[in-house]
Amino acid sequence: YWQLIDGSPLNEVRFKLVQEALGFLNSFLEGNKFAVGSNMTLADLNLAVTIEILRISNVSVQQYPNIVRWFELVKRTAPKFEEVMQKYGKDHNEVVDFFLEATVFQRAEQAQPQNGKS
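- Looking at an unreviewed UniProt entry, the protein carries the name GST C-terminal domain-containing protein, with the source organism given as Papilio machaon.

Structure (structure tokens):
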């Protein structure tokens, strides 16, 4: 996520941890309608927001069929989920754009030679 904001290189260790967590969630959802049984709970909403943040950040979950199935169910079941996430996505993208601009500006300043200094 921070690579989007500050341009740092992909942290392979952290990315593998995200992939492991997604694999665990995918396995956990096998044969389950929702994360904790047959009814949607706050756990589902919390997890769904996390999946949406990953999606907004261009991390695909398509290789996890149980997550895809469950996420679509949560989106259909949760009142106003897509409406709220659409607004969140817009706000999120504005924040990312702000940080991108700020860090690009900061890096440009750091690259400039200081007067009288080498």
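1. Quick word on the overall build of the protein
Part 1 of the argument: Looking only at helices and strands, the protein has five helices and zero strands in total.
Part 2 of the argument: Listed by position from the N terminus, the elements making up the protein come as α-α-α-α-α.
Part 3 of the argument: When each of the 118 residues of the protein is scored for burial, the buried share is 25%.
Part 4 of the argument: Expressed as a percentage of contacts within the protein between residues at least 6 apart in sequence, the contacts between residues at least 24 apart total 69%.

2. Overview of the packing of helix 2 (residues 12–29) against helix 3 (residues 42–56)
Part 1 of the argument: Their axes nearest at 13 Å, the elements helix 2 and helix 3 cross at an angle of 135 degrees. The pairing of helix 2 with helix 3 is recorded here as oblique in orientation. Regarding helix 2 and helix 3, the two cross each other, and that crossing is left-handed. Together, Val18, Leu22 and Leu25 of helix 2 and Leu47, Ile51 and Leu54 of helix 3 make up the contact between the two elements.
Part 2 of the argument: Here the residues of the contact of helix 2 with helix 3 sort into six nonpolar, no polar and no charged.

3. Observations regarding the side chain of Asn26
Part 1 of the argument: Within the secondary structure layout, Asn26 lies in helix 2.
Part 2 of the argument: Residues within four places of Asn26 in sequence aside, it is in contact with Tyr64, Pro65, Asn66 and Ile67.

4. Describing the packing of aromatic side chains
Part 1 of the argument: In total, this model carries three aromatic pairs according to the counting rule given.
Part 2 of the argument: Each ring, one from Phe24 and one from Phe28, has its centre 5.9 Å from the other, and the planes form 25 degrees; the classification is stacked. Of the two residues, Phe24 and Phe28 are both situated in helix 2; the distance of four residues between them amounts to about one turn of the helix.
Part 3 of the argument: Given the relative accessible area of 59%, Phe24 is considered exposed.
Part 4 of the argument: What makes Phe28 partly exposed here is its relative accessible area of 42%.
Part 5 of the argument: Between Trp70 and Phe71 the ring centres are 6.4 Å apart and the planes differ by 45 degrees, which places this aromatic pair in the tilted class.
Part 6 of the argument: Counting every residue linked through ring pairs, the aromatic cluster contains Trp70, Phe71 and Phe81.

5. Some details on the pattern of salt bridges
Part 1 of the argument: Under the definition given, this model contains two salt bridges.
Part 2 of the argument: In this structure, the salt-bridge partner of Arg55 is Glu52, at a minimum N-O distance of 2.7 Å. Here Arg55 pairs with Glu52, and both are found in helix 3, just three residues apart, close to one helical turn.
Part 3 of the argument: On the accessibility criterion, Arg55 (48% relative accessible area) is partly exposed.

Reading guide: rules and limits
- Residues numbered from 1 in each chain as written.
- Predicted model: local features only at pLDDT ≥ 70, side-chain atom pairs only at ≥ 80, totals over all residues.
- Heavy atoms only, no water.
- Helix = DSSP H or I, 4+ residues; strand = E, 2+ residues; numbered from the N terminus.
- Buried < 20%, exposed > 50% of the residue type's maximum accessible area, 1.4 Å probe, protein only.
- Contact = heavy atoms within 4.5 Å.
- Axes fitted to C-alpha atoms, helices over the stretch in contact; angles between N-to-C directions.
- Parallel < 35°, antiparallel > 145°, perpendicular 65-115°, else oblique.
- Left-handed = near helix turned anticlockwise from the far one by under 90°.
- Nonpolar A, V, L, I, M, F, W, Y, C, P; charged D, E, K, R; others polar.
- Phe/Tyr/Trp six-rings, centres within 6.5 Å; stacked < 30°, edge-to-face > 60°.
- Salt bridge = Lys/Arg side-chain N within 4 Å of Asp/Glu carboxyl O.

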